[in-house]
Amino acid sequence: QRIPEMRRLEVEAGSKTEHARALQLADVVGVASLRTIIEIEGLALEDRAIRRVLGAIPTLFIIITLAFFMMRLAPGGPFDGERRLPPEIERNIAAAYDLDKPLYEQYLIFLGKLLQGDFGPSFKIRDFTVSELIMQGFPVSLRLGVLAMTLAMVVGTTLGVIAALRQNRPTDYSVMSLAMIGI
């Protein structure tokens, strides 16, 4: 019955803080409809998450562009070594890695390969691409990340409950200080 009123307030409260918006919704529907409020706020949370991801794309693009041009501005190159290569071999290497093309064309090729997931060959470990090396380490990194997140959630939730039960006491202050040091 009150859902249209909630939606109207949700639109009206778009420019207000999230706290004020939640309070307005709670006043309209009462505490009994808290689940509906959470569902509606969940939609706002999804919208916010989508906006954050979309906002990260230009930032990532700028970082990739800066890294590309900074690497090109640095003196030397990936194939400059102590030993001088014959000019014919240098030309073949430059052609193989598109270093013989104009800088803007190198950049477009670089972006195209990145979009395809091709990070190029590894200059450190022969006969491997960077993508292959990342995929080899991914299972270990994933396992470590999940274990760390689980541990953080269990310890954080436990300490948070302890702090909430002993509010404004030394235990609460100790837990909060520990949390701030951990951040």
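Residues numbered from 1 in each chain as written. Predicted model: local features only at pLDDT ≥ 70, side-chain atom pairs only at ≥ 80, totals over all residues. Heavy atoms only, no water.

Draft legend 1. Main features of the overall build of the chain. In terms of helices and strands, the chain carries 7 helices and 0 strands. Contacts spanning at least 24 positions in sequence make up 36% of the contacts within the chain whose residues lie at least 6 apart. A total of about 14900 Å² of accessible surface is found on the chain, and carbon and sulfur atoms cover 66% of it. (Helix = DSSP H or I, 4+ residues; strand = E, 2+ residues; numbered from the N terminus. Contact = heavy atoms within 4.5 Å. Areas by Shrake-Rupley, 256 points an atom, 1.4 Å probe, with all protein chains shown as cover.)

Draft legend 2. Structural view of the pattern of salt bridges. The final tally for this structure, using the stated rule, is 2 salt bridges. A salt bridge links lysine 101 to aspartate 98; its shortest N-O distance comes to 3.1 Å. Across the salt bridge formed by lysine 113 and aspartate 98, the nearest N and O atoms sit 3.8 Å from each other. Of this pair, lysine 113 sits in helix 5 (residues 103–115) while aspartate 98 sits in the loop between helix 4 (87–96) and helix 5, and the two are 15 residues apart along the sequence. Here the salt bridges do not stand alone but share partners, grouping Asp98, Lys101 and Lys113 into one network. (Salt bridge = Lys/Arg side-chain N within 4 Å of Asp/Glu carboxyl O.)

Draft legend 3. Local environment of helix 6 (residues 130–165). The terminal C-alpha atoms of helix 6, which comprises 36 residues, lie 50 Å apart, in line with the 52 Å expected from a rise of 1.5 Å per residue. If you look at helix 6, its biggest bend is around 40°, right at phenylalanine 138, and the proline proline 139 turns up within four residues after that. (Expected span 1.5 Å × (residues − 1). Bend = angle between axes of the 7 residues up to and from the residue.)

Draft legend 4. Representation of the packing of aromatic side chains within the structure. A full pass over the atoms with the stated rule returns 4 aromatic pairs. Between phenylalanine 68 and tyrosine 107 the ring centres are 5.3 Å apart and the planes differ by 55°, which places this aromatic pair in the tilted class. A residue pair is termed long-range when its members are at least 10 positions apart, and phenylalanine 68 in helix 3 (residues 34–73) and tyrosine 107 in helix 5 qualify at 39 residues. Ring-pair connections join several aromatic residues into one group, and the members of that group are Phe68, Phe69, Tyr107 and Phe110. (Phe/Tyr/Trp six-rings, centres within 6.5 Å; stacked < 30°, edge-to-face > 60°.)

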